Amino acid sequence: MTHFRCVPMDTPSAQRFRATRVDDRGGPAHSRIVDGPGFPCRHCLKLGKPGEEMLLVSWDLPLPQGPYWTPSPVFLHARDCEAAVAEDALPETVTANMIVSLRHYDAAGMCLYDLGMVGAGDAVEGPLRERLADPRVAYVNIHTARPGCWLTRVEKLP
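The structure contained in this document is the topic of the report that follows. By convention here, each chain's residues receive numbers from 1 onward along its written sequence. Local features are withheld for residues below a pLDDT of 70 in this predicted model, meaning they are given only at 70 or higher, and side-chain atom pairs are given and counted only at 80 or more; totals for whole chains, interfaces and linings count all residues. Only hydrogens and water are set aside; all other atoms, that is, all heavy atoms of the structure, feed into the side-chain values.

Only DSSP runs of H or I reaching four residues or more are called helices, and only runs of E reaching two or more are called strands; each is numbered from the N terminus. Within the protein chain, the secondary structure is distributed over three helices and nine strands. Reading the helices (α) and strands (β) of the protein chain from amino to carboxyl end gives β-α-β-β-β-β-α-β-β-α-β-β. As a reference, a globule follows 2.2 Å times the number of residues to the power 0.38, and the radius of gyration itself is taken over C-alpha atoms. For 158 residues, the compact-globule estimate of 2.2 N^0.38 gives 15 Å, and the C-alpha radius of gyration of the protein chain, at 15 Å, lies within 12% of that figure. If one aligns the C-alpha atoms of the protein chain with their principal axes, the spans along those axes are about 40 × 30 × 30 Å. When the 158 residues of the protein chain are sorted by exposure, 48% land in the buried category. Of the contacts formed within the protein chain by residues at least 6 apart in sequence, a portion of 66% connects residues at least 24 apart. Accessible surface computed for the protein chain: about 7,600 Å², of which carbon and sulfur atoms make up 56%. Each residue is assigned to one of three classes by its accessible area relative to the maximum for its type, calculated with a 1.4 Å probe on protein chains only: buried under 20%, partly exposed between the two thresholds, exposed over 50%. Contact between two residues is taken to exist if any of their heavy atoms lie within 4.5 Å; hydrogens are not considered. Areas reported here follow the Shrake-Rupley algorithm with a probe of radius 1.4 Å; residue values treat only the protein chains shown as occluding.

In this analysis a 1.4 Å probe is tested at points of a 1 Å grid over the protein atoms alone, and where it fits but cannot get out there is a cavity; an open set with protein on both sides within 12 Å along at least five of seven lines is a pocket; lining residues have an atom within 4 Å of a point. Grid points are joined across faces, edges and corners, and a volume is the space filled by probe spheres set on the points. In this structure, the largest pocket spans a volume of roughly 400 Å³. Taken together, 21 residues line the largest pocket, and the ones lying closest to its centre are G38, F39, P40, N97 and T144. When residues are sorted by character, Ala, Val, Leu, Ile, Met, Phe, Trp, Tyr, Cys and Pro go into the nonpolar class, Asp, Glu, Lys and Arg into the charged class, and all the rest, Gly among them, into the polar class. In the lining of the largest pocket, the residues fall into 14 nonpolar, five polar and two charged.

The next point concerns the pairing of strand β9 (residues 150-157). Of all eight residues making up β9, seven are buried, and the element is well covered by its neighbours. The pairing of strand β8 (residues 139-144) with β9 spans five bridges and is classified as antiparallel. Note on β9: the bridge partner recorded for Y139 is E155. In this description, strands pair whenever DSSP reports at least two bridges between them. Adjacent in sequence and paired antiparallel, β8 and β9 are bridged by five residues, among which G148 carries a positive phi angle near 85 degrees.

Written as structure tokens, this is what we have:
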């Protein structure tokens, strides 16, 4: 079985967004109060709870670099929360999504089109493990499939 970890948004980025309320495109962070589903924090990898304030920002993803680089809209708690790394299990920010996309990349940051897939968040762990066993895969970015928002990066563990 292939072991993995899910990596969150880095803490310096989360702290910067909270302190400045400015996103990576120079726009204002949007404050949203959780009033239903759809508020996954990319820093603690937990869903926002009703009544909590969340920030919606455009974040310049650290990986991949090169032609597949992209910014992504992301939510994070407006309050401090602890960065979470989930090991050998997908966080609720993935499993609570009805449909996610798995985007596989090699060490050079090139997309491995033949491995990409879309599925229910609570049903992709098995296929993810199978694809992580492919020696070409360096990491996987998981996104919401409809709006395309980044949820987490998955890295292989030895």
